[in-house]
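Next come the chains, spelled out residue by residue.
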Amino acid sequence: MPRSGEKPDRVARRIDRDLFIVRNPEPGDGPIVAALDGSPQSWGGFKTALALAKQLDRPLVAISAFDPEFHYVAFNSISRV
């Protein structure tokens, strides 16, 4: 548990969990944005963003990243196995 007045970078070095820091929160009703690239980590981030959106009663926007060159190379190499 962080001590009162402790800097976020010091806390980040001592924990083994994800850390979300909001330095200058501004009021607003904009969406929470989650980026998905198909990796397990991005799905975990999406689940976290979904929970935040529900808790804060904010809309959620999911953005998907797709690299066609990577998938072309990856699937062609897999097809030869």
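Per-chain numbering applies: the sequence of each chain, read as written, is numbered from 1 onward. For this predicted model, a pLDDT threshold of at least 70 governs which residues receive local features, and a threshold of 80 or more governs which side-chain atom pairs are given and counted, while totals over whole chains, interfaces and linings are taken from all residues. Side-chain metrics in this entry use all non-hydrogen atoms of the structure; hydrogen atoms and water are not considered.

Draft legend 1. Fine view of the overall build of the chain. Going along the chain from the N terminus, every DSSP run of H or I of four or more residues is numbered as a helix, and every run of E of two or more is numbered as a strand. Secondary structure summary: the chain contains 3 helices and 2 strands in total. For the chain, the sequential pattern of α-helices and β-strands runs α-β-α-β-α. Radius of gyration here is computed from C-alpha atoms only, and the compact-globule reference equals 2.2 Å multiplied by the residue count raised to the power 0.38. Against the globule reference of 12 Å for 81 residues, the chain gives a C-alpha radius of gyration of 18 Å, more extended than a compact globule. By the convention used here, residues are in contact when the closest approach between their heavy atoms is within 4.5 Å. Pairs at least 24 apart in sequence give 50% of the contacts found in the chain among residues at least 6 apart.

Draft legend 2. Up close: helix 2 (residues 40–56). One less than the number of residues in a helix, times 1.5 Å, gives the span that helix is expected to have. In this model helix 2 runs 24 Å from its N-terminal to its C-terminal C-alpha over 17 residues, within 8% of the 24 Å that 1.5 Å per residue would give. What helix 2 keeps buried is the set Ser42, Ala49 and Ala53. Angular distribution of buried residues about the axis of helix 2 spans 40°; they occupy a single face of the element. Facing away from the buried surface of helix 2 by more than 90 degrees, the exposed residues are Pro40, Gln41, Lys47, Lys54 and Gln55. Packed against the buried residues of helix 2 are strand 1 (32–36) and strand 2 (60–64). The rule is simple: take the accessible area with a 1.4 Å probe, protein chains only, and divide by the maximum for that residue type; under 20% is buried, over 50% is exposed, in between is partly exposed. Think of the arc as the fan of directions from the helix axis to the C-beta atoms.

Draft legend 3. Region of interest: the environment of aspartate 57. Inspection of the secondary structure puts aspartate 57 in the loop between helix 2 and strand 2. Remark: the alpha-carbon pair of aspartate 57 and alanine 35, spanning 22 residues in sequence, is separated by 19 Å.

Draft legend 4. Representation of a nonpolar patch on the surface. Surface patches are defined over residues having more than 30% relative accessible area and no salt bridge, joining like charges when they lie within 9 Å and nonpolar side chains (Val, Leu, Ile, Met, Phe, Trp, Tyr) when within 5 Å. To be clear on the numbers: accessible area is Shrake-Rupley with a 1.4 Å probe, and residue cover counts the displayed protein chains and nothing else. A side-chain nitrogen of Lys or Arg and a carboxyl oxygen of Asp or Glu constitute a salt bridge if their distance falls within 4 Å. On the surface, Ile15, Leu19 and Ile21 cluster together into a nonpolar patch covering about 230 Å² of accessible area. Examined against the element boundaries, isoleucine 21 turns out to sit in the loop between helix 1 (8–14) and strand 1. Residue classification places isoleucine 21 among the partly exposed residues on the basis of a relative accessible area of 37%.

Draft legend 5. Structural view of the pairing of strand 1. Judged by which residues are buried, strand 1 turns out to be one-sided: Ile32, Ala34 and Leu36 face inward and are buried, whereas Val33 and Ala35, on the alternate face, are not. At least two bridges found by DSSP between two strands is the condition for calling them paired. Summarising the sheet, strand 1 and strand 2 pair through 5 bridges and their orientation is parallel. Across the sheet, the residue bridging to alanine 35 is isoleucine 63, located in strand 2.

Draft legend 6. Geometry of the packing of aromatic side chains. Any pair of Phe, Tyr and Trp rings, taking the six-membered ring for Trp, is counted once the centres come within 6.5 Å. Such a pair is stacked with planes under 30 degrees apart, edge-to-face with planes over 60 apart, and tilted for the rest. For the structure on display, the rule yields 1 aromatic pair. Judged by centre distance (6.0 Å) and plane angle (85°), the rings of tryptophan 43 and phenylalanine 46 are edge-to-face. Highlighted residues: tryptophan 43 and phenylalanine 46, both in helix 2, separated by 3 residues, approximately one helical turn.

Draft legend 7. Structural context of the confidence of the model for the chain. Of all residues in the chain, 91% have pLDDT values of 70 or greater, and the mean over the chain is 82. Looking across the chain, the model is least confident in helix 3 (residues 68–79), with a mean pLDDT of 79, and most confident in strand 2, with 94. Values of pLDDT, ranging from 0 to 100, describe the predictor's confidence in every residue of the model.

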